[in-house]
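Observations on chain architecture
Residues per chain are reported as follows:
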Amino acid sequence: MTTSGTNASSPSSTPPRDIESGVVLPVDAPDDDFDDPFDITTTKNASTESLRRWRQAALVLNASRRFRYTLDLRKNEDQEKRRRMIRSHAQVIRAALLFKLAGQRALVLGPTVIPASPSGGYGIALEQLVSMTRDHNLTALHQYGGVQGLSEMLKTDLDRGVPRDDGELTNRRNAFGSNTYPVKEGRSFFMFLWEAWQDLTLIILIVAAAASLVLGIKTEASLKYYSHINIGIEEGWYDGGSITFAVLLVIFVTATSDYRQSLQFQNLNEEKRNIQIEITRGGRREKISIYDVVVGDVIPLKIGDQVPADGLLIKGHSLAIDESSMTGESKIAHKDQKAPFLMSGCKVADGAGTMMVTGVGINTEWGLLMASISEDTGEETPLQVRLNGVATFIGIVGLAVALLVLAVLLFRFFTGNSKNPDGTVQFVHGRTSVSEAVDDAIHIFTAAVTIVVVAVPEGLPLAVTLTLAYSMKKMMADKALVRRLSACETMGSATTICSDKTGTLTLNQMTVVEAYVGQKKIDPPEDGLQYHSTVSSLLNEGIAQNTAGSVFSSKDDACIEVSGSPTEKAVLHWGVKIGMNFDVVRDQSTLLYVSPFNSTKKRGGVVLQGADSQARIHWKGAAEIVLASCKEYLDTDGSLKPIDNDMEYFKKAIEEMAARSLRCVAIAYRNYDIDDVPVDEEQLAQWNLPEDDLVLLAIVGIKDPPRPGVHDAVKLCTDAGVKVRMVTGDNIQTAKAIAIECGILHLGEDPTEPIVIEGKTFREYSEKEREHTSKQISVMGRSSPSDKLLLVQTLRKLGEVVAVTGDGTNDAPALHEADIGLAMGIQGTEVAKESSDIIILDDNFASVVKVVRWGRSVYANIQKFIQFQLTVNVAALVINVVAAISSGDVPLNTVQLLWVNLIMDTLGALALATEPPTDHLMHRSPVGRREPLVTNIMWRNLLIQALYQVAVLLVFNFRGLAILKLKNNEHGNAVKNTLIFNGFVLCQIFNEFNARKPDQMNVFSGVTKNYLFMGIVGTTFILQVMIIQFLGKFTTTVRLSLNLWALSIGIGIFSWPLAIAGKLIPVPETPLARVFSKPYQHCIASRNR
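Presented here is an overview of the structure given in this document. (Residues numbered from 1 in each chain as written. Predicted model: local features only at pLDDT ≥ 70, side-chain atom pairs only at ≥ 80, totals over all residues. Heavy atoms only, no water.)

**Describing the overall build of the protein chain**
Quick reminder of the rule: Secondary structure elements are taken from DSSP: a helix is a run of H or I of four residues or more, a strand is a run of E of two residues or more, and numbering for both begins at the N terminus. In this scheme, a residue with accessible area under 20% of its type's maximum is buried, one over 50% is exposed, and one in between is partly exposed, where area comes from a 1.4 Å probe on protein chains only. The criterion used for residue contact is that any of the two residues' heavy atoms lie within 4.5 Å. Areas reported as accessible are Shrake-Rupley estimates using a 1.4 Å probe. Residue values count occlusion only from the protein chains shown.
Within the protein chain one finds 39 helices and 28 strands. Across the 1089 residues that make up the protein chain, the buried fraction comes to 58%. Here the contacts in the protein chain between residues at least 6 apart in sequence split such that 74% fall between residues at least 24 apart. Of the accessible surface of the protein chain, which amounts to about 45200 Å², a share of 57% is contributed by carbon and sulfur atoms.

Laid out in structure tokens, this is it:
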């Protein structure tokens, strides 16, 4: 078995053998002359044209049901038009207002703004607040006293936020609304009933049943009158009525199944919309649901955040907002006091700031936009598209067979070769009445139509949705929120996972465990007495001011709490321990400018104005990068010393800490001339904070231990043929040490380039060098988001199926480019989450591995269902065709076949598509993108079962009277046909167990734990007993004796030992699907001409 993602997809090596399906993954391309519309390897960024093409190529009898969980292309276009209309409408209103205000100023008339009118206990009314925010009316804002004046009207403290009092929050919701918008209700159960009814074959059957009902009552009435046979008019409706009831049952069960799936998707969509955001209330930072935001809330904003409501900028540093979600233009808007209006739904592209909420919910443009469009749960998945291809292929064959049966039966009937059970000829020219002839012809027609019902599997593509819905629900319990359906199944084909280190492979519980000041290692690092007062003062200032975090008292004032990123929290905790008073230090100086930390430059800085009116610049970031910008350092006695002579000492200290898997952070400062700091906001926005000639204050080592169980999770991936690569912004030595602890690298080996590589080195490679080395990379250190994107693009180009984890805004391109983007739920920004396919709610790598298991389970469950369904298809079609051609009658009538269709289509899908994943799935290589859905193992299994069923049941069809020692009369033939029907259904019930494990001898392992499977099989069996014993008049069956029941069960149960024996037969490595698909390809190609 292949044990690495590298080997699993190497074009030069032998293709890996798929243990589950028993085939070699195909590497040769399909027929060059055939462009298969159903061959879409990824639907993540598929063109609308390719999506439209496969729909046009599909043979569909019920489009509303078949395409219900795929993307509605027309609806999608309409919604996009509506979005553009709402956006342009808002822009027109805003432009008109600006034009009007400009004209007023030109005429020196002064703007006319209605004074604020108190409402609901607040100094301004809802309408005035909404109007000002929606129109971006600066004049109104100035008249209300600016942000400060408006905050007083709204009773908001700009530093502490609104009070944390429930009554106050309720008052604000009553006065200004809640941050929710009306979501269009999902479709009712009756809509699903209507959709299930749209099936063309079912409509034809209902019409035929109605005609049969009328003719049947008429015939029975005439028989009673003329022949005095004691049948009675009340029995004339049985044939037509039973078909009608069977069709209605199929419609009801189908609608119920679809409705339950729809509810699951609604719940998952609700989870996706429920974003958690950080706010300031009562002087404390806390996380709340976006729905709980109220007008007046003070909300800190950082890179990657979504603006949760309309609002005004209180203060900001280089704040840039991506307003494309609202304006439709990918233009970044810079926000300052001249442009303070923030729109809900936009994303923070750069910088940081604090906002005050002025509009929520339906009172925002975003709320109006969301309320006007219904969220479409439809989405393509590659498996769905391919299954539509399989369904089309089966449907074409079934249609041809049905037409053949129809032609043969009509020919035999009208030529006098069809006989009644008592041996009399059914049609005699000149003697058989028109109504009797029409009634018999309708019976023949309904039999043919029913074959189409069984043969065209409308439920096959829906089985994907069913197993995806089940998997998504279970994955939520495994801490994975699926945003894109296709990611579930694509994850089953993943050959490599490019994982972040911090928080994914490690616990994200960071603590400062080592500290160097000057040439002294401070032990323990939190001993404040070992720091000189000068060093301590500068450190406190740098830690307290150069941070996006905060320090505050707990609810009961019992202890100190810290907010911010894990690294920020570790440094702040250390600062508090060495004597820093956060609020006091921040009050002693004024923040003039902030250069926020980002993953590209690996550091962040601030410029401050102290009490002495002098400016000071503080930097904090990756130790070796900050160290390279230093020319001096502060020694333990507070004296300044040149760093050149001692540079090697500091570099060695960093290397030693990194080798012990510590994250190294350096803190430095420099004095700066206050006159050189720009005063104008526009100049300040363009200013680059000086980052050279720094003075080193301290280097700290932060410990972030690996997650428990991560080593086993990495080994599980390796055994499954999935290569794990660590891509981190950390020092290469730190990355290497953590990789060894996690099992990505092995202890004792000394990995060299390119197994362990720096992002900068990989970036500087030529394209050919990158292609040559990328598969060998196990660890990439000091990587930027662009390096991660470059690695993903190169690996995909080489045929790998790539999963990527990411949490930052800059990770969004890599998450979007990857086959599966996995965003972190705790540390991930909203931008990263929106670009992802799956959100890992606990940021744990073990949860990523569980997603792989579920992805493989989706594919395996679909294959189980296909094997089961094709067995029924082949057996039912062959039995009816052979019987029709040879004897002019079909042993399985319309009502019986509809019951079989229900077992196969809906109940079978429900039973097999909800099998939980097993460890067996993780002991095979990834499933190839273009591997045939019906593998050689599946062909072997289904042909053995189908041939057995056909052989046994046809023997009973032709020789049953002799074998069972029955008389050749109406009752004898009824017993024989009932046995055939009962045996056929029980064969399917027992074969469902075989379908659970296509390649394993023990098909019963874990079956008792799958309560749904056992419940469906048990219910099906009980219903079959009731049909045979009590509903004979509806299904044209008779009661069977205990001996015949035992025989029926024996026929069904023999499929178990037969399946075990069949698995001993070897299968060829060349996929048989290629051979069978040739005629289908020609048929589809001719339809597309």
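Additional details are given in the paragraphs that follow.
**Concerning helix H19 (residues 566-577)**
Where we set the bar: The length a helix should cover is 1.5 Å for every residue beyond the first.
Under the 1.5 Å per step criterion, the end-to-end length of H19 is 17 Å for 12 residues, consistent within 8% with the ideal 16 Å. Buried within H19 we find Pro566, Thr567, Glu568, Ala570, Val571, Leu572, Trp574 and Gly575.

**Digging into the side chain of Asp787**
Put simply, the rule is: Two N or O atoms count as a polar contact when they lie within 3.5 Å, although within protein this holds only if one can serve as hydrogen donor and the other as acceptor, and sequence-adjacent residues are included solely when both atoms are side-chain atoms.
Following the sequence through the fold, Asp787 ends up in helix H28 (residues 785-797). Here Asp787 falls in the buried class, since its relative accessible area comes to 0%. Of the polar contacts made by the side chain of Asp787, one reaches the backbone nitrogen of Ser784; its length is 2.9 Å. Ignoring anything within four residues of it in the chain, the contact list for Asp787 reads Gly759, Lys760, Phe762, Arg763, Met780 and Arg782.

**Some details on the sheet that holds strand E26 (residues 802-806)**
Two orientations exist for strands paired in a sheet by backbone hydrogen bonds: parallel and antiparallel. Cut-off, in case you're wondering: Paired strands, in this sense, are two strands between which DSSP finds at least two bridges. Inter-axis angles, ranging from 0 to 180 degrees, are taken between N-to-C directions of lines fitted to C-alpha atoms, where helices are fitted over the stretch in contact.
Strands sit in the order E10-E28-E27-E26-E11-E23-E25-E24 across an open sheet of eight strands; the sheet is mixed. Edge positions in the sheet fall to strand E10 (480-482) and strand E24 (756-758), since each has one partner strand and no second. Sheet twist, expressed as the mean angle between neighbouring strand axes with direction ignored, is 20°. Bridging between strand E23 (residues 723-727) and strand E25 (residues 779-781) involves two bridges; their strand directions are parallel. Paired with Met726 across the bridge in E25 is Val779. Against the sheet, H28 touches strand E11 (496-499), E23, E25 and E26, its axis set at about 170° to E26.

**Quick look at the packing of helix H31 (residues 845-887) against helix H34 (residues 970-996)**
Going by this rule: Reported orientations rely on four angle classes, namely roughly parallel under 35 degrees, roughly antiparallel over 145, roughly perpendicular from 65 to 115, and oblique for the rest. Should the near helix be turned counterclockwise from the far one by less than a right angle, the crossing is left-handed, whereas a clockwise turn marks it as right-handed.
It is at 9 Å that the axes of H31 and H34 come closest, and there the two elements cross at 155°. Between H31 and H34, the crossing angle belongs to the class labelled roughly antiparallel. In the crossing of H31 with H34, the sense of the turn from one axis to the other is right-handed. Contacts from Lys864, Gln867, Phe868, Thr871, Val872, Ala875, Ala876 and Ile879 of H31 reach H34 at Phe984, Gln988, Asn991, Glu992, Asn994, Ala995 and Arg996.

**A look at the packing of aromatic side chains**
We describe a pair of aromatic rings using the distance from one ring centre to the other and the angle between the two ring planes. Threshold: Geometry of aromatic contacts follows a simple scheme: Phe, Tyr and Trp rings, the Trp one being its six-membered ring, pair when their centres are within 6.5 Å, and the pair is stacked under 30 degrees between planes, edge-to-face over 60, tilted otherwise.
Following the criterion strictly, the structure yields 21 aromatic pairs and no others. When the ring of Phe413 is compared with that of Phe414, the centres are 4.9 Å apart and the planes differ by 80°; the resulting orientation is edge-to-face. Each ring, one from Phe1021 and one from Trp1045, has its centre 6.5 Å from the other, and the planes form 70°; the classification is edge-to-face. Highlighted residues: Phe1021 in helix H35 (residues 1011-1030) and Trp1045 in helix H37 (residues 1042-1053), separated in sequence by 24 residues. The partly exposed category is assigned to Phe1021, whose relative accessible area is 30%. In this structure Trp1045 comes out as buried when scored by relative accessible area, which is 9%.

**Description of the side chain of Asn982**
Position of Asn982 relative to the elements: it lies in helix H34. By relative accessible area, Asn982 is classed as buried at 0%. Looking at Asn982, its side chain comes within polar contact range of the side chain of Ser1048, at 3.1 Å.

**Points about the environment of Ala658**
Mapped onto the secondary structure, Ala658 falls in helix H22 (residues 647-659). Judged by its relative accessible area of 0%, Ala658 falls in the buried class. Separated by 79 residues in sequence, Ala658 and Ala737 have C-alpha atoms that sit 7.4 Å apart. Filtering out sequence-adjacent residues up to four positions away, Ala658 remains in contact with Cys664, Asn731, Gln733, Thr734 and Ala737.

**A few points about the pattern of salt bridges**
As a reminder, the rule being used: The term salt bridge refers to a side-chain nitrogen of Lys or Arg lying within 4 Å of a carboxyl oxygen of Asp or Glu.
Overall, the coordinates contain 33 salt bridges when judged by the stated rule. Note that Arg281 is salt-bridged to Asp297, the shortest N-O span being 2.8 Å. Taken together, the residues span a long stretch of sequence, with Arg281 in strand E3 (residues 276-281) and Asp297 in the loop between strand E4 (284-289) and strand E5 (298-301) at a distance of 16 residues. Each member of the pair, Arg281 as well as Asp297, carries the same accessibility label: buried. Arg660 is paired through a salt bridge with Glu514; the nearest N and O atoms lie 2.3 Å apart. Within this pair, whereas Arg660 is found in the loop between H22 and strand E21 (662-672), its partner Glu514 is found in strand E12 (residues 511-517), the two being separated by 146 residues in sequence. With relative accessibility at 38%, the residue Arg660 sits in the partly exposed group. Residue Glu514 is classed as buried on the basis of its relative accessible area, which comes to 9%. Taken together, the shared-partner salt bridges connect Asp500, Lys788 and Asp811 into one network.

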